[in-house]
Amino acid sequence: MRKLLLSVLAIISLTCEAQTKSHAGNGTPYSYSIGLKAFSYEEFPKILDQTNSDSFRSSAWNGFILKYNDNQISYRLSGNFYSKALSFRNGCDNCEILAGRLNDNHIKLGFEKNLTYNSIQPYFGIDIGIKRSVFNGSTQNNEALLNNSGAYNVKTEKNGLSLSPLLGIKLNLINHFTIAAESTVDIYYSYERQEKAYKDAPGSRTLNKYYKWEYLLKPVGMLSLQYNFGEVY
């Protein structure tokens with residue numbers, strides 16, 4: 001996914017470079033921006049009865065942002081694609097350990113407004129989005145036997161909507177290029193399915209469904225490198 005994002009954005013930027021003027025100052029307004037998420041540090045939705053659900057996770061080079069700039073307002077489309085193996089205690093600090101893979105995909109649409117139009121630009125905005133979070137895992141055998149609970153496989157799915165107010169700052173120190181960092185919080189409402197299948201009872205399966213509100217803090221929601229093109233004349 002990372003290589004694909006880099007390739008697509010590189011092709012777009014090279015194609016659109018021919019449409020821009022060759023000499024633009026740092027204060028020049030541009031019509032469009034494309035960028036890659038270089039880094040984030042954020043909370044993710046809680047999995048089952050995860051005891052460390054308030055811990056933050058970092059990721060890099062797994063998102064994008066596209067913007068149409070209209071004076072000091074930019075309309076934006078962004079995406080984040082997270083996939084990583086993890087393990088956690090489920091229920092309490094001495095309970096079973098679950099290990100598996102979390103896939104979390106988030107697409108947002110919104111706007112941002114600059115407070116100044118200089119080389120350093122504080123801004124604020126808001127995004128609405130759709131989010132899908134899936135965890136596939138199982139109990140570790142030694143833990144399941146220790147607690148006499150039986151080993152099982154589990155799959156959880158969360159699908160929902162988010163509302164994300166944001167604050168950020170942009171640095172326009174080189175022609176056409178911008179570094180932007182922003183903080184946000186996701187107000188997330190989701191429908192969740194939890195499926196369990198016990199290994200010592202073939203054909204056994206339990207299914208639970210929930211509707212949940214969650215508030216996910218993102219101190220670094222997105223640190224991005226953006227390329228600007230289509231100079232406004």
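Residues numbered from 1 in each chain as written. Predicted model: local features only at pLDDT ≥ 70, side-chain atom pairs only at ≥ 80, totals over all residues. Heavy atoms only, no water.

**Q** Provide a residue-level description of the pairing of strand β1 (residues 30-42), including the pertinent values.
**A** Of all 13 residues that make up β1, 10 are buried, and the element is covered over most of its length. In this structure, β1 lies alongside strand β9 (residues 206-231), joined through 9 bridges in antiparallel fashion. Opposite glycine 35, over in β9, you have glutamine 226 as the bridge partner. Where β1 meets strand β3 (residues 63-70), 5 bridges bridge the pair, whose relative direction is antiparallel. In the strand pairing of β3, serine 33 is matched with lysine 67. In the sheet, β1 pairs with strand β2 (residues 57-59) via 3 bridges, with the strands oriented antiparallel. From the neighbouring strand, serine 40 faces β2, where its bridge partner is serine 59. (Buried < 20%, exposed > 50% of the residue type's maximum accessible area, 1.4 Å probe, protein only. Helix = DSSP H or I, 4+ residues; strand = E, 2+ residues; numbered from the N terminus. Pairing = 2+ DSSP bridges.)

**Q** Please give an account of the side chain of threonine 184 that cites residues and values.
**A** Position of threonine 184 relative to the elements: it lies in strand β8 (residues 177-198). Here the side chain of threonine 184 touches proline 165 through a polar contact of 2.6 Å, landing on its backbone oxygen. Discounting chain neighbours no more than four positions away, the residues touching threonine 184 are Lys108, Ser164, Pro165, Leu166, Leu216, Leu217, Lys218 and Gly221. (Polar contact = N/O pair within 3.5 Å; in protein donor to acceptor, adjacent residues only side chain to side chain. Contact = heavy atoms within 4.5 Å.)

**Q** So what's going on with the side chain of lysine 158? Which residues, and what values?
**A** If you trace the backbone, lysine 158 turns up in strand β7 (residues 152-174). Of the polar contacts made by the side chain of lysine 158, one reaches the backbone oxygen of lysine 46; its length is 2.8 Å. Polar contacts involving the side chain of lysine 158 include one to the side chain of glutamate 214, which spans 2.6 Å. Other than its neighbours up to four places away in sequence, lysine 158 contacts Pro45, Lys46, Lys131, Arg132, Ser133, Tyr188, Ser190, Tyr191, Glu192, Lys212 and Glu214.

**Q** Please give an account of a nonpolar patch on the surface that cites residues and values.
**A** Together, Phe39, Tyr41, Ile120, Ile169, Leu171, Leu173, Ile174, Phe177, Ile179, Leu223 and Leu225 line one region of the surface with nonpolar side chains, adding up to about 950 Å² of accessible area. Every element with two or more residues in the nonpolar patch is listed here: β1, β7, β8 and β9. Examining the composition of the nonpolar patch, we find that 4 residues originate from one element, β7, more than from any other. Topologically, tyrosine 41 is positioned in strand β1. (Patch = residues over 30% accessible without salt bridge, like charges linked within 9 Å, V, L, I, M, F, W, Y side chains within 5 Å. Areas by Shrake-Rupley, 256 points an atom, 1.4 Å probe, with all protein chains shown as cover. Salt bridge = Lys/Arg side-chain N within 4 Å of Asp/Glu carboxyl O.)

**Q** Give me the nonpolar core: which residues, what numbers.
**A** Nonpolar side chains in soluble globular proteins generally cluster together in the buried interior. If you look at the biggest cluster of nonpolar residues, it comprises 11 residues: Phe44, Ile47, Leu48, Tyr82, Leu86, Phe88, Leu98, Leu102, Phe135, Tyr152 and Val154. Among the secondary structure elements, those contributing two or more residues to this core are β4 (73-89), β5 (97-114) and β7. Once residues within four sequence positions are removed from consideration, valine 154 is found in contact with Leu48, Leu98, Phe135, Asn136, Gly137, Ser138, Glu195 and Lys196. (Core = buried A, V, L, I, M, F, W, Y, C linked by side-chain atoms within 4.5 Å.)

Nothing here speaks to function; it is all geometry.
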